Amino acid sequence: LRLGGQSLREPPSEVFGDYIRTSSVASTWGYIVRAKHVQSLADLLATLPEKGTGGIDAVMHKFTRQLASYAPQVPLVHVASGCHDTAAIESSRSECESPDSLKTEALQLLKAWPLGYTRSYCVTRGHSDKSFHVGQTPCADDVSELCCPYRDPPLEQPLANKVTQVHGT
C-alpha cells in the first residue's frame, strides 16, 4: 500500500471505490508491506543492478506483476515542501524548509485538500500523452478514472476559503 506520492506516472490498472491499483507512483511518501511479502520484495530489490542507489519508488514499477501495489484515491501523506533530499544544491538554499516556508506550504496544501494525484501521463482532461504509452495499450477512454479524469488534482473550494492558519504554527 502506497501512503501517498507526488504523481501517477501511468494510468492505474484498476479503480475501486476509495483506492486504485497502481503501477508507477512518483516520489512515494511511504509504504505498508504485508509481512508475508517483505522477503519477496527484498529478493526482487536485490536483483537490481543499482543495488540501492535509486529510490524504491523509482523501481517499484518493475515489480507490479509480482507484487500488487495499491494506493488510496487521495494520498494519505503529502510532501511538506518542494525541497528534495537528494538535490543537495536545491536543499542548501536558505529558504528551503524554513519555518515560514513550511507554514506557507502547509496552508496551501490544506486550502487545496483533498488533492488527488497529479497525472503526469495526461496532457489535459481527456487527453493522455501518447509517449507515456510506449509498450503499453493506450487508454481506451481518456476521461475514465483509469486514464485522464484530470491532469492536476481538483481543488476542494469550500475548505480553501476557511483555512487561514495551521494548528501549531
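If you're wondering where the values come from, they're calculated on a predicted model, not measured in any experiment.

Asker: Mind showing me how you'd approach the sheet that holds strand S2 (residues 7–8) here?
Answerer: Strand pairing in a sheet is mediated by backbone hydrogen bonds. Such pairs are either parallel or antiparallel. Strand order across the open sheet formed by three strands is S5-S2-S8, with mixed pairing between neighbours. Each having just a single partner strand, strand S5 (25–26) and strand S8 (118–119) make up the two edges of the open sheet. Relative to S8, S2 runs parallel, the two being bridged by two bridges. If you follow Ser7 over to S8, its bridge partner there is Thr118.

Asker: Help me understand the environment of Asp18, please; the structure alone is not making it clear to me.
Answerer: Topologically, Asp18 is positioned in the loop between strand S3 (14–15) and strand S4 (19–21). Using a relative accessible area of 63% as the deciding quantity, one classes Asp18 as exposed. Between the C-alpha atoms of Asp18 and Pro72, which are 54 residues apart in sequence, the distance is 5.8 Å. When residues no more than four places from it in sequence are discounted, the contact partners of Asp18 are Pro72 and Gln73.

Asker: Is there a simple way to explain the pattern of salt bridges in this structure?
Answerer: Between side chains of opposite charge, pairing is possible as soon as their charged atoms come close. Summed over all chains, the structure comprises one salt bridge. One salt bridge connects Glu14 with Arg21, and the closest N-O pair in it is separated by 3.8 Å. Given the relative accessible area of 33%, Glu14 is considered partly exposed. Assessed through its relative accessible area of 22%, Arg21 is described here as partly exposed.

Rules used in this analysis
Within any chain, residue numbers begin from 1 and follow the written order of that chain's sequence. Owing to the predicted nature of the model, reporting of local features is limited to residues with pLDDT of at least 70; listing and counting of side-chain atom pairs is limited to 80 or more, with chain, interface and lining totals taken over all residues. Side-chain figures throughout are based on the complete set of non-hydrogen atoms in the structure, without hydrogens or water. Two strands make a pair as long as DSSP finds a minimum of two bridges between them. Numbering of helices and strands runs from the N terminus, with a helix taken as a DSSP run of H or I at least four residues long and a strand as a DSSP run of E at least two residues long. Relative accessible area decides the class of each residue, using a 1.4 Å probe on protein chains only: under 20% of the type maximum gives buried, over 50% gives exposed, and in between gives partly exposed. Contacts are assigned to residue pairs with any non-hydrogen atoms lying within 4.5 Å of each other. Each salt bridge in this description consists of a side-chain nitrogen of Lys or Arg and a carboxyl oxygen of Asp or Glu lying within 4 Å of one another.

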